[in-house]
Amino acid sequence: MRSLVALRSLAASVALLVAAPLYAQQASLVYRLGKDTLAIEQYARTSTRLNGEMVQRVGAAVVRVLYDVTVGSDGRPTAATIRRVQADGSSLANAPAETRFRVTADSVIREVVWSDSVQRRAFAASGSLVNFPTFVYGPTELLAGLRRAGDGADSVPALGAGGTLGFTGLALASGDSVRLRGGPYPMVLRFDASRRLLSVDGSATTNKV
């Protein structure tokens, strides 16, 4: 399909755009609905950083989501940035250039960066995570790490780009699978023994990828 070729071509360029730190673990996920490819995500991870890009076709348009997460020694994010851009890297119309998060022990600070201003707001939340857009599931590896450590990863405060403080978490589904909590879709996820994401299944949700 032409859409598949376009997405794969963009994904090839993504591999060059995502700056993979030395000794980073890299991964690629292809999100399919039947035989159609809806999105491709690629990311790289080290002990202190996780960054990547998701490419999604929305009708005739291609949207890219670039994200970067700084990870503390406890496996939790200390900062994150999310950018939504068009296929050529230019900003989306009537949308912020990027959204930044800074996570402290008792709060999370969100900055929405526009071309002429920055909107800043702080939310009281202890041990908060960041909720990412649909088809960005690489960062769930951080959540899986907290779950492995027994650090209460079934219901964790989380702030999304839209500025709503909610929660995220992983609940046991069946076998070696867990179900994502708090996001727009309760996707079933599978991780390997090293907490690397193996698969995402939304067949039991309204998002059937």
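Residues numbered from 1 in each chain as written. Predicted model: local features only at pLDDT ≥ 70, side-chain atom pairs only at ≥ 80, totals over all residues. Heavy atoms only, no water.

(A) Layout of the nonpolar core. Counting 39 residues, the largest nonpolar core has Leu170, Leu189 and Leu197 as the members making the most contacts within it. Setting aside residues no more than four positions away along its own chain, Leu197 makes contact with Leu29, Tyr43, Tyr137, Gly138, Thr140, Glu141, Leu189, Arg190 and Phe191. (Core = buried A, V, L, I, M, F, W, Y, C linked by side-chain atoms within 4.5 Å. Buried < 20%, exposed > 50% of the residue type's maximum accessible area, 1.4 Å probe, protein only. Contact = heavy atoms within 4.5 Å.)

(B) Looking closely at the environment of Val63. Along the polypeptide, Val63 turns up in strand 4 (residues 61-71). Taking C-alpha positions, Val63 is 9.3 Å from Asp88, a pair spaced 25 residues apart along the chain. Apart from residues lying up to four places away in sequence, Val63 is in contact with Met54, Val55, Gln56, Val58, Val85 and Leu92. (Helix = DSSP H or I, 4+ residues; strand = E, 2+ residues; numbered from the N terminus.)

(C) Main features of the pairing of strand 6 (residues 98-103). The sheet contact formed by strand 5 (residues 77-86) and strand 6 spans four bridges and is antiparallel. Within strand 6, the residue paired with Ile82 across the bridge is Thr99. Here strand 6 pairs with strand 7 (residues 107-113) via six bridges, running antiparallel. If you follow Arg102 over to strand 7, its bridge partner there is Ile109. The hairpin formed by strand 6 and strand 7 contains three residues between the paired strands. (Pairing = 2+ DSSP bridges.)

(D) Inspection of the packing of aromatic side chains at higher detail. According to the stated counting rule, one finds three aromatic pairs in the structure shown. Here the aromatic rings of Tyr31 and Phe135 are separated by 5.3 Å at their centres, their planes lie at 45°, and the arrangement is tilted. Placement of Tyr31 in strand 1 (residues 25-33) and of Phe135 in the loop between strand 9 (129-131) and helix 2 (140-148) is noted, with a sequence separation of 104 residues between them. Judged by its relative accessible area of 6%, Phe135 falls in the buried class. Among the aromatic side chains, those forming a connected cluster through ring pairs are Tyr31, Phe135 and Tyr137. (Phe/Tyr/Trp six-rings, centres within 6.5 Å; stacked < 30°, edge-to-face > 60°.)

(E) The pairing of strand 14 (residues 197-201), seen in detail. In terms of strand pairing, strand 13 (residues 188-191) meets strand 14 through four bridges, oriented antiparallel. Considered in strand 14, the bridge of Arg190 is made with Ser199. Counted between consecutive antiparallel strands, the loop separating strand 13 from strand 14 contains five residues, among which Arg195 sits at a positive phi close to 65°.

(F) Local environment of the pattern of salt bridges. Taken as a whole and judged by the stated rule, the model has eight salt bridges. The closest approach of N and O atoms between Arg100 and Glu111, which form a salt bridge, is 3.7 Å. On the criterion of sequence distance, the pair formed by Arg100 in strand 6 and Glu111 in strand 7 is long-range, its members being 11 residues apart. A relative accessible area of 34% means that Arg100 is categorised as partly exposed. Residue Glu111 is classed as partly exposed on the basis of its relative accessible area, which comes to 23%. Glu111 is paired through a salt bridge with Arg120; the nearest N and O atoms lie 3.9 Å apart. Through salt bridges with shared partners, a single network forms among Glu98, Arg100, Glu111 and Arg120. (Salt bridge = Lys/Arg side-chain N within 4 Å of Asp/Glu carboxyl O.)

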